[in-house]
Amino acid sequence: MSPSTPPISQTEPKPDLTIGFLLMKQFTLASVAGLVESLRFAADESFSSRQIFCRWEWMTCDDKPVTASCGLPVSPTAALDFSKPWDYFVVAGGLLEETRQPPGWLLTALRDLHARNIPIITLCSGAFVAGNAGLLDGRHCAIHFTTRDEFRLRFPKAIPVIDKTYIKDGGIITCPGGTAIDLAADLIRQHCGLVRSQKVLKYLLVEEAPTRQAKRKASLSEPDGYDNELVNKVIEFMQHHLDSPVPLAEVADFAGVTFRQLNLIFTKCTGHSAAVYWRRMRLERARKLMADSSNSIGAIAIATGFADATHLISWFRKQYGETPGSFRKRRREVEKLVKE
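About the thresholds
Residues numbered from 1 in each chain as written. Predicted model: local features only at pLDDT ≥ 70, side-chain atom pairs only at ≥ 80, totals over all residues. Heavy atoms only, no water. Helix = DSSP H or I, 4+ residues; strand = E, 2+ residues; numbered from the N terminus. Areas by Shrake-Rupley, 256 points an atom, 1.4 Å probe, with all protein chains shown as cover. Buried < 20%, exposed > 50% of the residue type's maximum accessible area, 1.4 Å probe, protein only. Lys, Arg positive; Asp, Glu negative; His and termini not counted. Salt bridge = Lys/Arg side-chain N within 4 Å of Asp/Glu carboxyl O. Contact = heavy atoms within 4.5 Å. Pairing = 2+ DSSP bridges. Axes fitted to C-alpha atoms, helices over the stretch in contact; angles between N-to-C directions. Parallel < 35°, antiparallel > 145°, perpendicular 65-115°, else oblique. Nonpolar A, V, L, I, M, F, W, Y, C, P; charged D, E, K, R; others polar. Core = buried A, V, L, I, M, F, W, Y, C linked by side-chain atoms within 4.5 Å.

Participant: Lay out the overall build of the chain with the relevant residues and their values.
Facilitator: A count of helices and strands for the chain gives 14 helices and 10 strands. As presented, the chain carries roughly 16,200 Å² of accessible surface, and 54% of it is formed by carbon and sulfur atoms.

Next comes the structure, spelled out in structure tokens:
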């Protein structure tokens with residue numbers, strides 16, 4: 001890992017995927033390397049390693065170099081900053097001595113990130129940090145089998161699982177270790193497209209086996225899985241009606257609850273009302289269509305259940321901070337950079 005990252009020109013287009021890495025002392029190198037090497041291959045053409053499609057920064061708790069559990073020293077490339085609009089924030093743990101009792105200010109910062117709807121990824125024992133912050137209460141989380149017993153004792157409200165490469169539940173993504181390539185491939189598939197995800201697997205000499213292809217159906221681009229049968233049932237219904245959303249009163253009837261009960265349950269499980277959750281699903285689908293097709297904004301609006309192009313443009317700007325036109329222009333600029 002390079003101790004420093006070349007400065008990024010302010011004129012360069014915004015990348016499709018940004019990740020902040022917080023490296024805890026004695027972090028496990030394998031999972032961090034698997035994630036960032038995947039990002040590196042997806043970020044540029046060939047082996048140029050320019051941070052175009054993807055961008056990342058290394059940070060530490062005290063802005064000083066840290067040493068991985070294998071003895072490799074790594075210097076931060078940026079001061080620790082929780083205020084940036086990361087697409088994901090990674091807490092990379094390792095030896096339990098460094099993650100059992102994390103500082104209180106870090107736990108507060110992670111709760112604030114979660115409240116801002118910035119997904120938090122925990123690698124290896126980083127799950128202990130999220131657990132101490134109370135972010136795993138009532139959630140399924142992927143835990144390394146060697147730490148399961150202690151994890152259960154410390155966090156009895158969490159639901160640990162030991163046979164998954166990663167689990168996404170309620171804005172927290174837990175990865176127990178290993179290479180984290182499955183997680184990386186799904187992140188890249190969602191934000192940068194299928195072609196770049198396939199490139200990563202090819203360059204890392206990872207065969208896209210049938211099991212991995214089948215798992216794509218449950219990738220990060222699909223709705224969260226929640227520990228509530230009714231919510232999962234309604235989300236599946238929403239997924240199948242993105243192009244013509246029916247009134248939420250009818251959705252509540254479908255679920256067998258009142259409109260108020262539906263919103264209360266959704267807010268408790270997802271952090272969003274049913275209406276907001278559904279709109280975010282439709283906007284994500286619209287953004288994917290804008291990136292992968294040349295269809296007009298009007299056609300995409302109809303395909304994703306918006307009244308017209310103006311309606312879609314308004315909500316797209318509120319959600320992503322740019323218009324569909326500027327999003328497509330930025331994508332074209334990125335493509336030009338890659339081909340230089």
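Picking up after the structure, the text goes on.
Participant: Any chance you could break down the side chain of Arg279 for me, citing the residues and the numbers?
Facilitator: Mapped onto the fold, Arg279 is located in helix H11 (residues 274-292). In this structure Arg279 is buried but unpaired, with Glu284 as the nearest side chain of opposite charge at 12 Å. Each residue touching Arg279, except ones within four places of it in the same chain, is listed here: Phe306 and Trp315.

Participant: Please give an account of the pairing of strand S5 (residues 88-92) that cites residues and values.
Facilitator: Counting buried residues in S5 gives 5 out of 5 residues, a clear majority hidden from the surface. Across the two faces of S5 the burial is the same, with Tyr88, Val90 and Ala92 and Phe89 and Val91 all buried. Looking at chain direction, strand S1 (residues 17-23) and S5 are connected through 5 bridges and run parallel. Along S5, the bridge assignment pairs Phe21 with Val90.

Participant: Give a detailed account of the packing of helix H10 (residues 259-270) against H11, specifying residues and quantitative values.
Facilitator: In a pair of packed helices, the angle between the axes and the distance between the axes together describe the arrangement. Across the interface, H10 lies against H11 with an axial gap of 8 Å and an inter-helix angle of 60°. The angle between the axes of H10 and H11 places the two elements in the oblique class. Across the interface between the two elements, Leu262, Asn263, Phe266 and Thr270 from H10 touch Ala274, Ala275 and Tyr277 from H11. Here the residues of the contact of H10 with H11 sort into 5 nonpolar, 2 polar and no charged.

Participant: Tell me what's going on with the pattern of salt bridges, and back it up with residues and numbers.
Facilitator: Scanning the model with the defined rule gives 7 salt bridges in all. For Arg100, the salt bridge identified is with Glu150, shortest N-O distance 2.5 Å. Pair noted here: Arg100 is in the loop between S5 and helix H2 (104-115) and Glu150 is in helix H4 (residues 148-154), with a separation of 50 residues, a long-range link. Between Arg189 and Asp186 there is a salt bridge, with its nearest N and O atoms 2.2 Å apart. Of this pair, Arg189 and Asp186 both sit in helix H5 (residues 181-192), 3 residues apart, roughly one helical turn. Here Arg189 and Asp186 have matching classes, each one buried. Here the salt bridges share partners, and the residues they tie into one network are Arg100, Glu150 and Arg154.

Participant: I'd like a description of the sheet that holds strand S6 (residues 120-123), backed by residues and values.
Facilitator: Strand order across the open sheet formed by 6 strands is S2-S1-S5-S6-S10-S9, with mixed pairing between neighbours. If you trace the sheet from one side to the other, it starts and ends with strand S2 (54-59) and strand S9 (167-169), each paired once. If you compare each strand with its neighbour and ignore which way they point, the axes differ by 20° on average. Examined bridge by bridge, S6 and strand S10 (residues 172-175) share 4 bridges and lie parallel to one another. Counterpart to Ile121 in the pairing with S10 is Ile173. Sitting on the sheet, H5 touches S1, S2, S5, S6 and S10, and the angle it makes with S1 is about 150°.

Participant: Give me the lowdown on the nonpolar core, citing residues and values where you can.
Facilitator: Buried together is how nonpolar side chains tend to be arranged in soluble globular proteins. The biggest cluster of nonpolar side chains holds 34 residues, and the ones touching the most others in it are Leu17, Phe21, Leu23, Cys54 and Leu123. Tallying contributions element by element places helix H1 (residues 29-43) first for this core, with 7 residues. Leave out the neighbours within four places in its chain, and Leu123 touches Ser31, Val32, Leu35, Val90, Val91, Ala92, Gly93, Cys175 and Ala180. Judged by nonpolar contacts, the second largest core, of 30 residues, contains Trp86, Phe89, Ala109 and Leu135.

Take it as geometry only, folks, not as evidence of what the structure does.
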